[in-house]
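# A structural walkthrough
Here are the chains, one letter per residue:
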Amino acid sequence: ADAAVIPALVIGTGYGGSVAALRLAQAGVDVHMVEMGMAWDTPGADGKIFANTTTPDQRSFWLRTKTKQPLSNFLGFPIDKAIPRYTGVLDAEEFAGITVYQGRGVGGGSLVNGGMAVTPKREYFGDVLPMVNADEMYNRYYPRANAELGVGLIRPEWFETTDAYQYARVGRKHAQRSNFPHVFVPTVYDWNYMEQEAAGTVPKSALIGEILYGNNYGKKSLQQTYLSKVRATGRVTISPLHRVVSVVPAAGGYSVTIEQLNTNGDPIATKQITAAKVFFAAGSVGTSKLLVKLKATGALPNLNGEVGKGWGDNGNVMCGRANHMWDPTGALQSSIPTLGIDNWVAGGAFAEVAPLPTGIETYASFYLSITRTPNRAQFSWNPTTSKVDLSWQTAWKGVSINAAKTIFDKINSKEGTIYRTDFFGAYKIWGDHLTYHPLGGAILNKATDNYGRLHGYPGLYVIDGSLIPGSTVVNPFVTITALAERNIEKIIATDL
Ligand code: FDA
């Protein structure tokens, strides 16, 4: 046991945690970051840090003996395969009604996500964070987040000509023919690098299908942005393969119990640290699970009744369409999506034209839709299993399917095409069993005050996606980052 009290401990190294650590360190505060996943800084036997999407191995999944790919089937065949159990980078965490995909490792979701970096349209911001001053966000914190994350747009001339975005041009053509507006989606991929990949002058990443299990080059994950600045401050230590299991009040702050894990996921040591301030940045699911457990088991009994509530899936639903032979989508598909179809106002759906980087011509268009849905679930402690349950029900995705259909039924009818029925199991059109965008569980201004200070416990903060009430109307990480920038600025100004 360490008798000294450290000034700040951050649980998790995703967007919220990285912003908190950087700004605290720049303000002169020493920070300890605790991350349950691996460091992802050492190449494997193949010379690469991350595995390719087409050839999953032990690095691909968090503690599974079989892959659980979002698209489980192809041309009628199940495609999941056996892998060694390991602390891999992508967690497909299963609750009763939904599988929640999340990144595990230093960098959190930035290690595995599609890199789409979207600022919601200002007119929709009231639907996202009604309790936050929109002027401040759009004048100050969104620009700051976009700059730090390195957000950029594809070069239009290249988009129009490269084989790698044939699939997106087909998606755009079909959207246009059905009178849907389309938008180019900014990303954190280095677009110059991708053009060099296409020219054959650098090692390939997006153009050989790297994405879900990590990108070895080209993508600016948090390791290349916030966390590299964090390291440069010299004030932050990061402990990978360490999981926070408890936080209780103690003299000088909070006593935090941390389990060190081996790469089989087994605890090999238990450590105790006392911290004056603790920032929960374990992601929507991780933070919610911790807080609900700590409240129910008596470690933090004064957390209020809002803890665990207001969780949403950002309305995620997937589908594919079968194109005619004259609309090939290309054997080469960049793994970074960059085109969206916006039917938010009329139909409650924003669909991104997603790649199917199989390496063969599939004549398929594939889409991930973000939809408007009123459904919100709650995390609760289950004393029988000693686990946290989530009340989400699969049938609730019906609203999202209907919203997505406002786009794709119309396109199918215009083009004379049909949905693919071979991606999610036999004759199943809709990928309605999953989300990539967990949000909520410790809602801003409800479980916390309007800056993420947890009610009942001075010195405890939430600073990740769990603050956001279930929807960001577009992909969430820019909003998570901008909100964290706003909150930490206030906390540093008033609480230090
Ligand atoms: P985040 O999940 O990033 O980080 C939390 C960290 O805490 C994790 O590293 C976790 O291992 C760690 N942790 C959890 N519990 C812990 C504990 N008890 N102790 C220690 N550490 C713990 N978004 C977007 O805007 N554009 C996109 O293109 C995509 N695409 C996409 C694809 C896929 C496959 C996924 C899974 C996700 C996306 N996303 C996305 C979503 C985006 O990645 C996500 O919203 C953010 O990563 C959430 O940021 P947070 O800071 O909330 O947590």
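Parameters and conventions
Residues numbered from 1 in each chain as written. Predicted model: local features only at pLDDT ≥ 70, side-chain atom pairs only at ≥ 80, totals over all residues. Heavy atoms only, no water. Helix = DSSP H or I, 4+ residues; strand = E, 2+ residues; numbered from the N terminus. Buried < 20%, exposed > 50% of the residue type's maximum accessible area, 1.4 Å probe, protein only. Contact = heavy atoms within 4.5 Å. Polar contact = N/O pair within 3.5 Å; in protein donor to acceptor, adjacent residues only side chain to side chain. Phe/Tyr/Trp six-rings, centres within 6.5 Å; stacked < 30°, edge-to-face > 60°. Near = heavy atom within 4 Å. Areas by Shrake-Rupley, 256 points an atom, 1.4 Å probe, with all protein chains shown as cover. Nonpolar A, V, L, I, M, F, W, Y, C, P; charged D, E, K, R; others polar. Expected span 1.5 Å × (residues − 1). Pairing = 2+ DSSP bridges. Axes fitted to C-alpha atoms, helices over the stretch in contact; angles between N-to-C directions. Core = buried A, V, L, I, M, F, W, Y, C linked by side-chain atoms within 4.5 Å. 1 Å grid on protein atoms, 1.4 Å probe; cavity = no way out; pocket = protein on both sides within 12 Å on 5 of 7 lines; lining within 4 Å. Points joined across faces, edges and corners; volume = space filled by probe spheres on them.

## Considerations on the environment of Arg-59
By the element assignment, Arg-59 lies in the loop between β2 (31–34) and β3 (73–74). Exposure remark for Arg-59: the relative accessible area of 10% places this residue in the buried category. In contact with Arg-59, not counting residues within four places along its chain, are Trp-40, Gly-44, Asp-46, Lys-48, Ile-49, Phe-50, Ala-51, Tyr-86, Gly-88 and Val-89. A distance of 2.7 Å separates a polar side-chain atom of Arg-59 from the backbone oxygen of Lys-48.

## Focus on the packing of aromatic side chains
A complete count under the given rule lists 25 aromatic pairs for this structure. Taking 4.8 Å as the distance between ring centres and 85 degrees as the angle between the ring planes, the aromatic pair formed by Phe-159 and Phe-184 counts as edge-to-face. With Phe-159 in helix α4 (residues 156–161) and Phe-184 in strand β7 (residues 182–184), this residue pair connects regions lying 25 residues apart in the sequence. Judged by its relative accessible area of 31%, Phe-184 falls in the partly exposed class. Each member of the aromatic cluster is reached from another via a ring pair, and the members are Trp-158, Phe-159, Tyr-165, Tyr-167, Phe-184 and Trp-191.

## Quick word on the site of the ligand
Surveying the vicinity of the ligand reveals 37 residues, the closest of which are Glu-35, Gly-109, Met-116, Gly-465 and Phe-477. In this structure, an oxygen atom belonging to the ligand sits 3.2 Å away from a side-chain N or O atom of Arg-104. Take Gly-115: an N or O atom from its main chain is 3.3 Å from an oxygen atom of the ligand. When the ligand sits alone it has 1,000 Å² of accessible area, and the protein chains cover 95% of it. Elements represented by at least two residues in the shell around the ligand include exactly α1 (15–26), β6 (99–103), β9 (242–250), α8 (283–296) and α11 (477–495). Classifying every residue of the shell around the ligand gives 16 nonpolar, 17 polar and four charged.

## Brief notes about helix α10 (residues 398–415)
Between the first and last C-alpha of α10 there are 24 Å, a value that for 18 residues agrees with the 26 Å anticipated at 1.5 Å per step. Within α10 the residues assigned to the buried category are Ser-400, Ile-401, Ala-403, Ala-404, Ile-407, Phe-408, Ile-411, Asn-412 and Glu-415. Count one or two residues on from α10 and you reach Gly-416, which has phi positive near 70 degrees.

## As for the sheet that holds strand β5 (residues 90–94)
In a beta sheet, neighbouring strands pair by backbone hydrogen bonds and run either parallel or antiparallel. One open sheet holds the three strands; their spatial order is β5-β6-β19, and the pairing between them is mixed. Each end of this open sheet is capped by a strand with a single partner; those strands are β5 and β19 (434–435). Pairing of β5 with β6 involves five bridges; the strand directions are antiparallel. If you follow Ala-92 over to β6, its bridge partner there is Tyr-101.

## Some points on unusual backbone geometry
Phi angles above zero are rare outside glycine, and Leu-241 is one such case at about 55 degrees. You can see Leu-241 is positioned in the loop between β8 (236–239) and β9. Phi at Asn-445 takes a positive value of approximately 70 degrees, unusual for a residue other than glycine. If you trace the backbone, Asn-445 turns up in the loop between β19 and β20 (460–462).

## Considerations on the pairing of β6
With five of its five residues buried, β6 lies for the most part within the structure. Where burial is concerned, the two faces of β6 agree: the one with Thr-99, Tyr-101 and Gly-103 and the one with Val-100 and Gln-102 are both buried. Turn length for the β5-β6 hairpin, with the two strands adjacent in sequence and antiparallel, is four residues. Note that β6 and β19 share two bridges and pair parallel.

## Considering the sheet that holds strand β14 (residues 349–354)
Spatial ordering of the open sheet is given by β7-β13-β14-β15-β12-β18, a layout of six strands whose pairing is antiparallel. Of all the strands in the sheet, the pair left with one neighbour each is β7 and β18 (418–419). Pairing analysis gives four bridges linking strand β13 (residues 339–343) to β14, with the strands arranged antiparallel. Residue pairing for β14: Asp-342 is matched across the bridge by Phe-350. On top of the sheet, helix α5 (residues 166–177) reaches β7, β12 (317–322), β13, β14 and β15 (364–371); it is set at about 20 degrees to β13, its chief contact. Running at roughly 10 degrees to β12, α10 makes contact with β12, β13, β14, β15 and β18 of the sheet.

## Regarding the nonpolar core
Generally speaking, a soluble globular protein has its nonpolar side chains buried in company with each other. Core analysis: the biggest nonpolar cluster contains 92 residues, and Leu-9, Val-247, Val-278, Phe-279 and Phe-280 have the highest contact counts within it. Per-element tally for this core: the top contributor is α11, with eight residues. With near-sequence residues (within four places) excluded, Val-278 lies in contact with Leu-9, Ile-11, Val-247, Tyr-254, Val-256, Gly-459, Leu-460 and Tyr-461. In this structure, Phe-74, Ala-206, Tyr-213 and Ala-403 belong to the second largest nonpolar core, which totals 62 residues.

## A closer look at empty space enclosed by the protein
All told, the structure shown has two cavities of 30 Å³ or more when counted by the stated rule. Every residue along the wall of the largest cavity is listed here: Tyr-15, Ser-110, Asn-113, Leu-149, Val-188, Lys-219, Lys-220, Ser-221, Leu-222, Thr-225 and Phe-477. For the lining of the largest cavity, the per-class residue count stands at five nonpolar, four polar and two charged. As a volume, the second largest cavity reaches approximately 30 Å³. As for the second largest cavity, its lining consists of Tyr-167, Thr-329, Gln-333, Val-353, Ala-354, Pro-355, Leu-356, Ala-364, Ser-365 and Phe-366.

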